[in-house]
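Spelled out, the chains give:
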Amino acid sequence: MTDQPGLRTHDDVDEIVDAWRRERPDLDPAPLQVFSRLSRLARRLDLDRAGAFARHDLDGWEFDVLSALRRAGEPYVLSPGQLVQQTLVTSGTMTNRVDRLVRRGWVEREPSPTDRRGVLVRLTAAGRATVDAAMADLIARERDLLADLDADQQAELVGHLRRLLAPFEG
């Protein structure tokens, strides 16, 4: 069934919900209508993003760290603690990631000017070029994915998603 070209009005999630209604009529599986679709969309977007990053010889985690540094603005420097906070990984994981990015020439460590024991992580010119190219491709791809929604529909979707995400982001 479709009501718009390329848009099915009955999809795999509907099949799953129908099966649960049949097998567990005592439960209302209505939340699955939203969250199963979000889950499937997230998995497909993760795969799509991985492909976009791979075209730039990047793993997703590398993009996350490089983009955190890039978003920081000139001089593209953050402390390891700030990177941990922005990328939601442990400090041990971040140390390993920074080591790997240093080896690739995308970041460098430098001593902190305010803490003799501290270090800062700086995005290199090569890292900036890599993350900028990957980001441009990612934005173009994601813009294409949203092409069937007009600006008002996109804004409405953003509002709904923000409300759903709020309890998880304290």
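Heads up: these notes are all about the structure in this document. Here the structure is a predicted model, which is why all the values come from computation and not from measurement.

What counts and how
- Residues numbered from 1 in each chain as written.
- Predicted model: local features only at pLDDT ≥ 70, side-chain atom pairs only at ≥ 80, totals over all residues.
- Heavy atoms only, no water.
- Salt bridge = Lys/Arg side-chain N within 4 Å of Asp/Glu carboxyl O.
- Helix = DSSP H or I, 4+ residues; strand = E, 2+ residues; numbered from the N terminus.
- Buried < 20%, exposed > 50% of the residue type's maximum accessible area, 1.4 Å probe, protein only.
- Core = buried A, V, L, I, M, F, W, Y, C linked by side-chain atoms within 4.5 Å.
- Contact = heavy atoms within 4.5 Å.
- Pairing = 2+ DSSP bridges.

Our focus in this paragraph is the pattern of salt bridges. In a structure, side chains of opposite charge can pair up when their charged atoms sit close to one another. Enumeration according to the criterion identifies 13 salt bridges in this entry. Measuring nitrogen to oxygen at the nearest pair gives 2.7 Å for the salt bridge that ties Asp11 to Arg37. A residue pair is termed long-range when its members are at least 10 positions apart, and Asp11 in the loop between strand E2 (7-8) and helix H1 (12-23) and Arg37 in helix H2 (residues 30-54) qualify at 26 residues. The class of Arg37 is partly exposed, set by a relative accessible area of 27%. The partner of Asp12 in a salt bridge is Arg40, and the shortest N-O contact between them spans 3.8 Å. Placement of Asp12 in helix H1 and of Arg40 in helix H2 is noted, with a sequence separation of 28 residues between them. In this structure, a network of salt bridges that share partners links the residues Asp11, Asp14 and Arg37.

Moving on, we come to the nonpolar core. Ranked by size, the top nonpolar core spans 23 residues in total, and within it Leu66, Leu69 and Leu83 carry the most contacts. Those elements giving two or more residues to this core turn out to be helix H3 (60-71), helix H4 (80-87), helix H5 (91-104), strand E5 (119-123) and helix H6 (125-145). Those residues in contact with Leu69 that sit more than four places away from it in its chain are Tyr76, Val77, Leu78, Leu83, Val107, Val121 and Leu123.

Here three strands make up an open sheet; going across it, the order is E3-E5-E4 and the pairing antiparallel. The two strands at the open ends of the sheet, each matched to only one other strand, are strand E3 (77-78) and strand E4 (107-111). As defined by bridge partners, E4 adjoins E5 across five bridges and the pair is classed as antiparallel. Paired with Glu108 across the two strands is Arg122, which belongs to E5.

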